[in-house]
Amino acid sequence: MIVCSCNVITDHDVRNAVSGADDVVRHAKQIYGCLGCSAECGRCARTIKTIIDEALGSCARACQAGCPHNLTAANDEVHDHIRDDFGLAAS
Ligand code: FES
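Residues numbered from 1 in each chain as written. Predicted model: local features only at pLDDT ≥ 70, side-chain atom pairs only at ≥ 80, totals over all residues. Heavy atoms only, no water.

Caption draft 1: Quick look at the nonpolar core. The biggest cluster of nonpolar side chains holds 18 residues, and the ones touching the most others in it are Val14, Val18, Ile31, Ile48 and Ile52. Among the elements of the structure, strand E1 (2-4), helix H1 (11-20), helix H2 (28-34) and helix H3 (45-62) are those that each provide at least two residues to this core. Apart from the residues lying within four places of it in its own chain, the contact partners of isoleucine 31 are Val14, Ala17, Val18, Val25, Ile48 and Ile52. (Core = buried A, V, L, I, M, F, W, Y, C linked by side-chain atoms within 4.5 Å. Buried < 20%, exposed > 50% of the residue type's maximum accessible area, 1.4 Å probe, protein only. Helix = DSSP H or I, 4+ residues; strand = E, 2+ residues; numbered from the N terminus. Contact = heavy atoms within 4.5 Å.)

Caption draft 2: Structural context of the pattern of salt bridges. Taken as a whole, this structure holds two salt bridges when the rule is applied. In this structure, arginine 15 engages aspartate 11 in a salt bridge whose closest nitrogen and oxygen atoms are separated by 3.0 Å. With a gap of four residues between them, arginine 15 and aspartate 11 both fall in helix H1, about one helical turn apart. With a shortest N-O distance of 2.9 Å, aspartate 53 and lysine 49 are connected by a salt bridge. Of this pair, aspartate 53 and lysine 49 both sit in helix H3, separated by four residues, roughly a single helical turn. Classification of aspartate 53 as partly exposed rests on a relative accessible area of 40%. (Salt bridge = Lys/Arg side-chain N within 4 Å of Asp/Glu carboxyl O.)

Caption draft 3: Main features of the side chain of aspartate 11. Taking relative accessible area as the criterion, aspartate 11 reaches 12% and is therefore assigned buried. Non-local contacts of aspartate 11, meaning those with residues more than four positions away in its chain, are made with Met1, Val3 and Ile51.

Caption draft 4: Structural context of the environment of threonine 50. Its location among the elements puts threonine 50 in helix H3. You can call threonine 50 partly exposed: its relative accessible area is 39%. With 23 residues separating them along the chain, threonine 50 and histidine 27 place their C-alpha atoms 9.7 Å apart.

Shown next as structure tokens:
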């Protein structure tokens, strides 16, 4: 389904950009960049953001720890740094 009529971007294009990106994609602007275009009218930004969030959710469940798309692993790493910095014990 085409989600961006200005750039003719489909929902599959968005999912492929999310799964193929080296960095974690969180914003529609990053999708435009990945696909070599830019926002025109901006009406699609909310839909693209929803697809990104859905794609990251399924990836995070499927990915192994250490994958940049694994939000749980990334959050655990941040929490470890906070615990180390403040001398807190793990819960
Ligand atoms: S519909 Fe995507 S920029 Fe216009």
